[in-house]
Amino acid sequence: MKIDVLTLFPGMFAGPLDESIVQRARSSGVLDLRVHNLRDYTEDRHKTVDDRPFGGGPGMLLKPEPLFKAVQALAGQGTRVILLSPAGRLFSQGIARELAREEHLLFICGSYEGVDERARASLVHDELSIGDYVLTNGNLPAMVIIDAVTRLLPGVLGDESSSADESFSDGLLEYPHYTRPADFQGMKVPEVLLSGHHEAIAKWRLEQAKRRTAERRPDLLENKNQAG
Ligand code: 4FV
């Protein structure tokens, strides 16, 4: 998969996407990730990317010209252009699976109060939000989504954890996990997990996942029932 990121702060991406699983996906060639500075697509000597909103109001907006120039330079036929903003669809594991099937993603990381509407309306295929709160820019949301998508790419997750039986994969939260020692400060591991009885273990884990989901996220059970 190819991922391009348009941002005013490329330095923010150094670190989170240079470690662990995402770094391994990049070095193995499964993921080709490039970060671009929007200012490189300006033409004036002040590299102007923002301006005041027509009609007045607080803050600044990203101008259309650099965005159009950048997207025209970076996007191709199969490119899915994604704008990060609080007004977007709420990102989820389902959307992560959707994006993981794409060949090329181009993320526009908003800054200031947002982007000029003509750029949004003409360039953007998808507007995504990572949650109902306001961040200083769209960089962290882009990193969150790139991380969630990268681990779903074929061959990226070794047996660290199969993405098959994890949270949200079947609309449930995960069951409790235990590792050695079997007795820690008097706290024991549920007998069934030590039984080697795989059916009983699978049954216990499903019960626990359902109980935990009902307690913490009953909304997920409604979705699950609706999805049938
Ligand atoms: C955001 C979010 C978010 C709003 C204005 C950046 C900020 C500024 N993006 N999910 N929540 N963006 O708060 O995606 O441009």
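Residues numbered from 1 in each chain as written. Predicted model: local features only at pLDDT ≥ 70, side-chain atom pairs only at ≥ 80, totals over all residues. Heavy atoms only, no water.

Caption draft 1: Structural detail: the overall build of the chain. Along the backbone of the chain there are eight helices and nine strands. Here the chain has a C-alpha radius of gyration of 22 Å; the compact-globule value for 228 residues is 17 Å, and the former is much larger. Counting only C-alpha atoms, the chain reaches 70 × 40 × 35 Å along its principal axes. Here the chain holds 228 residues, and the buried ones make up 39% of them. If you take every contact in the chain between residues at least 6 apart in sequence, the share linking residues at least 24 apart comes to 76%. If you sum the accessible surface of the chain, you get close to 13,300 Å²; carbon and sulfur atoms cover 53% of it. Here the chain carries 27 positive and 33 negative side-chain charges, and the mean point of each set is 1 Å from the other. (Helix = DSSP H or I, 4+ residues; strand = E, 2+ residues; numbered from the N terminus. Rg over C-alpha atoms; globule rule 2.2 N^0.38 Å. Buried < 20%, exposed > 50% of the residue type's maximum accessible area, 1.4 Å probe, protein only. Contact = heavy atoms within 4.5 Å. Areas by Shrake-Rupley, 256 points an atom, 1.4 Å probe, with all protein chains shown as cover. Lys, Arg positive; Asp, Glu negative; His and termini not counted. Charge placed at Lys NZ, Arg CZ, Asp CG, Glu CD.)

Caption draft 2: Representation of the sheet that holds strand β1 (residues 2-7). The five strands are arranged β2-β1-β6-β5-β7 in an open sheet whose pairing can be described as parallel. With partners counted over all chains shown, the strands left at the sheet margins are β2 (32-37) and β7 (126-129), one partner each. On average, each strand axis in the sheet is inclined to that of its neighbour by 30°, with strand direction left out of account. Taken together, the six bridges between strand β5 (residues 79-90) and strand β6 (residues 104-109) define a ladder with parallel strand orientation. The residue bridging I82 from the neighbouring strand is F107, located in β6. Seen against the sheet, helix α2 (residues 64-74) touches β1, β2, β5 and β6 and runs at an angle of roughly 165° to β6. (Pairing = 2+ DSSP bridges. Axes fitted to C-alpha atoms, helices over the stretch in contact; angles between N-to-C directions.)

Caption draft 3: Broad picture of the pairing of β6. Along β6, six of the six residues are buried, which leaves the element largely enclosed by surrounding structure. Relative to β6, β1 is paired through five bridges, and the arrangement is parallel. Counted as the bridge partner of I3 is L105 from β6.

Caption draft 4: Layout of helix α7 (residues 198-216). Here α7 is 19 residues long and its end C-alpha atoms lie 26 Å apart, about the 27 Å a rise of 1.5 Å per residue gives. Along α7, the positions that sit buried rather than exposed are I201, W204, Q208, A209 and T213. In an axial view of α7, the angular spread of the buried residues amounts to 160°, which keeps them on one side of the axis. Across from the buried face of α7, at angles greater than 90 degrees, the exposed residues are E199 and K203. The elements touched by buried residues of α7 are α6 (191-194) and α8 (218-227). (Expected span 1.5 Å × (residues − 1). Arc of directions from axis to C-beta.)

Caption draft 5: Inspection of unusual backbone geometry at higher detail. Here R180 and P181 are connected by a cis peptide whose omega angle stands at 5°. Within the secondary structure, P181 is located in the loop between α5 (139-150) and β8 (183-184). Residue S20 is not a glycine yet carries a positive backbone phi of 50°. Secondary-structure assignment places S20 in helix α1 (residues 20-27).

Read these as geometric descriptors, not functional statements.
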